[in-house]
Amino acid sequence: MTDEASLNLFQQQEANRRRTRLLVVGFVLFFAWLGFGGDFIYWLATANEPPAAQHSVWWFGMAATALGVLLAWYAYSTGPEKVLWATGAEEVLEPATDQQRQLVNVVEEMAIAAGVPRPRIWIVPDPDPNAFATGVDPSHAHVAVTQGLLDLCSRDELQAVIGHELGHVKNLDVRLMTTLAALVGAVLLMRDGATRIFFSRGSGRIAGGEGGGGGGGRGGRKNLGPLVAVLLVVWIVSWILAPIISQLLALAVSRKREYLADAMGAQFTRNPLALASALQKIEAADAPTTHIKQGAAHLCIADPLGRRLTSHEGFLADLLATHPPMAKRITILRGMGYAALKKEGGSVA
Amino acid sequence: MSSWLLLILLVAVALWLIGAYNGLVSLKNQTLNAFKQIDVQLKRRHDLIPNLVNAVKGAMDFERSTLEAVIQARNQAVQVNATGPGGVKRISQAENALSSALQRLLVVVEQYPQLKATSNVGQLQEELTTTENRIAFSRQLYNDTATQYNTRQQQFPTSLVAGLARAQPADLWEITDQGERAVPQVDLSLKPKA
């Protein structure tokens with residue numbers, strides 16, 4: 001590692017820490033804005049009433065902010081768990097087969113090369129080759145590969161893929177990516193909850209006492225109005241919010257991230273050609289990775305959804321795709337490999 | 001007014017001194033730690049070799065000399081005195097000799113298909129592959145870290161603090177054996193040949 005490379009690493013780590021903070025703060029601020037905005041409108045509406053009926057305490061704002069903080073904390077602290085759970089990954093505790101023993105060995109080797117503690121190892125039972133890493137910091141990291149990757153790749157190629165993933169771990173990409181995935185998941189969860197409450201309210205009056213913030217009155221159709229309105233607003237907002245956040249996700253995941261992890265993986269293994277051939281194999285198996293859904297797509301080494309956008313360069317792809325085109329990554333890695341071969345005086349086969 | 005400027009300047013210089021000093025100390029410790037990592041992996045290799053030798057001994061009686069070379073190189077590597085000046089150099093010489101002896105043994109094992117077919121030997125081969133890789137990668141990490149440390153303490157202006165932090169250039173782990181420089185021709189992985 002030259003001084004320049006380590007400088008890049010520290011910059012990337014710092015950028016990832018900063019972006020994670022921004023993301024969490026932005027998430028909470030958005031909730032606060034919604035809540036206090038509601039308070040303000042309600043206050044305007046009751047401004048002409050006698051003082052006792054005025055909306056003077058900003059309950060909505062406080063509740064929404066508390067909810068935002070709670071959700072963000074929950075998402076941050078359980079993110080890796082949730083991501084792994086969502087993909088149906090199983091942890092390799094005691095290697096049962098030769099294949100698993102090789103995987104464990106390869107991960108240990110790469111952890112040594114990267115100078116990070118050995119991450120926990122998971123296998124996703126999916127025939128399509130793919131891999132991802134998650135966790136909030138290098139000492140609590142997880143690396144997951146699909147069964148398909150184990151079946152398809154040689155030892156060197158597996159090593160290269162793990163090197164790429166540990167690159168993500170070391171430069172703290174995993175923290176930002178995992179938090180992002182968990183926050184999106186939290187919003188989706190809230191949307192589903194709001195949908196259920198709203199529709200159960202609409203279909204009858206069974207759910208009368210739920211929701212808590214009925215403004216003090218008990219029963220009576222008049223007092224249910226604001227509650228229904230609030231639920232409706234939450235529901236609509238979360239419907240709007242979820243896709244926006246998904247798009248932000250694609251944007252925040254600058255596609256440079258993958259190039260950088262490729263370069264770090266090559267630096268750990270000193271074998272860029274192995275990663276190039278692994279990527280080629282992953283690309284050739286173009287079936288989507290069915291176990292990995294949209295929520296975790298940006299964590300993977302190759303786009304698990306098999307979106308066609310990914311194979312293009314250009315403005316739209318830069319805006320919407322989570323992964324750079326595979327052909328370009330392979331070309332860059334080949335360039336690195338041939339340059340190294342030439343320096344050693346070897347010939348290119 | 002000017003005394004304030006002087007004060008600010010002094011504080012800035014002091015802060016830089018602290019930063020440079022701590023940076024050097026941290027790199028020094030990282031280098032030491034990376035060196036310990038090599039030690040851990042070398043120990044693993046030393047423990048593994050008797051198992052490997054036992055597993056193949058019966059099947060290749062007439063390759064005695066190769067086996068004995070491995071055992072001898074291993075025993076020499078275990079006994080190397082790592083302390084004192086030039087410790088890194090002595091260890092790396094002994095370990096490099098062991099590496100080439102092992103390479104020769106693996107080439108020989110490769111010539112006995114019935115030996116490779118025993119799952120015991122197959123597993124040992126994977127263990128040996130990973131051990132050799134771990135040694136290589138820990139060496140790589142050590143050399144990278146040590147180079148970073150050396151560069152930092154020689155570069156201006158950090159070089160001014162180097163004496164204060166008692167920074168000494170760290171020895172790199174060199175490959176002395178010409179045989180080891182060459183790209184190994186043996187395919188040790190367990191994958192089926194394409």
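Residues numbered from 1 in each chain as written. Chains lettered and ligands numbered in written order. Predicted model: local features only at pLDDT ≥ 70, side-chain atom pairs only at ≥ 80, totals over all residues.

Draft legend 1. Structural detail: the overall build of chain B. Within chain B one finds seven helices and zero strands. For chain B, the sequential pattern of α-helices and β-strands runs α-α-α-α-α-α-α. Across the 194 residues of chain B, 29% fall into the buried class. Here the analysis covers contacts within chain B between residues at least 6 apart in sequence; of these, 81% occur between residues at least 24 apart. (Helix = DSSP H or I, 4+ residues; strand = E, 2+ residues; numbered from the N terminus. Buried ≥ 20, exposed ≤ 12 C-beta atoms within 10 Å, placed from the backbone. Contact = placed C-beta atoms within 7 Å.)

Draft legend 2. Structural detail: the overall build of chain A. Of the regular secondary structure elements, chain A holds 11 helices and four strands. Scored against the burial criterion, the 349 residues of chain A give a buried share of 40%. Long-range contacts, defined as pairs at least 24 residues apart, comprise 71% of the intrachain contacts of chain A with a sequence gap of at least 6.

Draft legend 3. Fine view of the interface of chain B and chain A. Taken together, the contact pairs 16 residues of chain B with 14 residues of chain A. Take the side of chain B that touches chain A: its biggest share by element is 12 residues, from helix H5 (residues 119-154) of chain B. Within the side of chain B that touches chain A, the residues separate by chemical class into three nonpolar, nine polar and four charged. (Nonpolar A, V, L, I, M, F, W, Y, C, P; charged D, E, K, R; others polar.)

Draft legend 4. Representation of the sheet that holds strand E3 (residues 131-135) of chain A in the model. Residue and element names in this part refer to chain A. Spatially, four strands are ordered E1-E2-E4-E3 in an open sheet, and the strand pairing comes out mixed. What marks the edges here is a single partner per strand, and that holds for strand E1 (90-91) and E3. Where E1 meets strand E2 (residues 120-124), two bridges bridge the pair, whose relative direction is antiparallel. Residue pairing across strands places Glu91 opposite Trp122, the latter belonging to E2. Running at roughly 25° to E3, helix H5 (residues 155-170) makes contact with E3 and strand E4 (141-146) of the sheet. (Pairing = 2+ DSSP bridges. Axes fitted to C-alpha atoms, helices over the stretch in contact; angles between N-to-C directions.)

Draft legend 5. View of the confidence of the model for chain B. All names here are of chain B. Taken over all residues, the pLDDT of chain B has a mean of 79, while the share at 70 or more is 82%. Mean pLDDT across the elements of chain B bottoms out in helix H7 (residues 178-181) (49) and peaks in helix H1 (residues 2-57) (87). The low-confidence segment residues 179-194 (pLDDT under 50) makes 23 contacts with residues lying over four places distant or belonging to another chain. Both confidence scores are given for the complex: pTM 0.77, ipTM 0.73. (pLDDT = per-residue confidence, 0-100.)

Draft legend 6. Region of interest: the nonpolar core. Ranked by internal contacts, the top residues of the largest apolar core, which has 89 residues, are A:Met110, A:Ala144, A:Val161 and A:Leu183. Apart from residues no more than four positions distant in its own chain, A:Met110 is found in contact with A:Gln159, A:Ile162, A:Gly163, A:Leu166 and A:Phe268. Within the second largest apolar cluster, 15 residues are counted, among which are B:Ile49, B:Leu105, B:Val109 and B:Leu124. (Core = buried A, V, L, I, M, F, W, Y, C linked by C-beta atoms within 7 Å.)

Draft legend 7. Fine view of the environment of A:Phe30. Residue and element names in this part refer to chain A. Mapped onto the fold, Phe30 is located in helix H1 (residues 3-45). Under the C-beta neighbour-count criterion, Phe30 is labelled partly exposed, with 17 such atoms within 10 Å. The spacing of Phe30 and Thr65 is 35 residues in sequence and 8.5 Å in space, taken between C-alpha atoms.

Draft legend 8. Expanded view of the pairing of E2(A). As paired strands, E2(A) and E4(A) are joined by five bridges and run parallel to one another. In the strand pairing of E4(A), A:Arg120 is matched with A:His142.

Draft legend 9. Layout of helix H11 (residues 326-343) of chain A. Here H11(A) spans 26 Å end to end across 18 residues, near enough to the 26 Å set by a 1.5 Å rise per residue. Here the buried face of H11(A) lies against helix H8 (256-269) and helix H9 (272-284) of chain A. (Expected span 1.5 Å × (residues − 1).)

Draft legend 10. Region of the structure containing unusual backbone geometry. In this model, B:Phe156 is joined to B:Pro157 through a cis peptide bond whose omega is 5°. Not every positive phi belongs to a glycine, and A:Arg270 is a case in point at roughly 55°.

Draft legend 11. Representation of the packing of H8(A) against H9(A). Residues and elements named next belong to chain A. Across the interface, H8 lies against H9 with an axial gap of 8 Å and an inter-helix angle of 130°. With respect to H9, the element H8 is oriented oblique. In this structure, H8 contributes Asp262, Gly265, Ala266 and Thr269 to the contact, and H9 contributes Pro272, Ala274 and Leu275. Of the residues in the contact of H8 with H9, the class split is four nonpolar, two polar and one charged. (Parallel < 35°, antiparallel > 145°, perpendicular 65-115°, else oblique.)

Draft legend 12. Molecular detail of the pairing of E3(A). Residues and elements named next belong to chain A. Taken across its five residues, E3 has five buried, putting it largely inside the fold. Every second residue of E3 is oriented toward a common face, with Ala131, Ala133 and Gly135 on one face and Phe132 and Thr134 on the other, all of them buried. In this sheet, E4 lies alongside E3 in antiparallel orientation, the contact comprising five bridges. Considered in E4, the bridge of Phe132 is made with Ala144.

Draft legend 13. The environment of B:Asn81, seen in detail. With respect to the helices and strands, B:Asn81 occurs in the loop between helix H2 (64-79) and helix H3 (87-110). B:Asn81 sits 51 residues away from B:Glu132 along the chain, and the two C-alpha atoms are 22 Å apart.

Draft legend 14. Structural context of helix H3 (residues 98-114) of chain A. Residue and element names in this part refer to chain A. When the terminal C-alpha atoms of H3 are compared, their 24 Å separation across 17 residues agrees well with the 24 Å that a helix rising 1.5 Å per residue should span. Every buried residue of H3 is listed here: Gln102, Leu103, Asn105, Val106, Val107, Glu109, Met110, Ala111, Ile112, Ala113 and Ala114. Positioned one or two residues after H3, Gly115 has a phi angle of 70°, which is positive.

Draft legend 15. Spatial organisation of the environment of B:Pro169. Checked against the element boundaries, B:Pro169 lands in the loop between helix H6 (159-162) and H7. Sequence separation between B:Pro169 and B:Ala146 is 23 residues, and the spatial gap between their C-alpha atoms is 8.0 Å.

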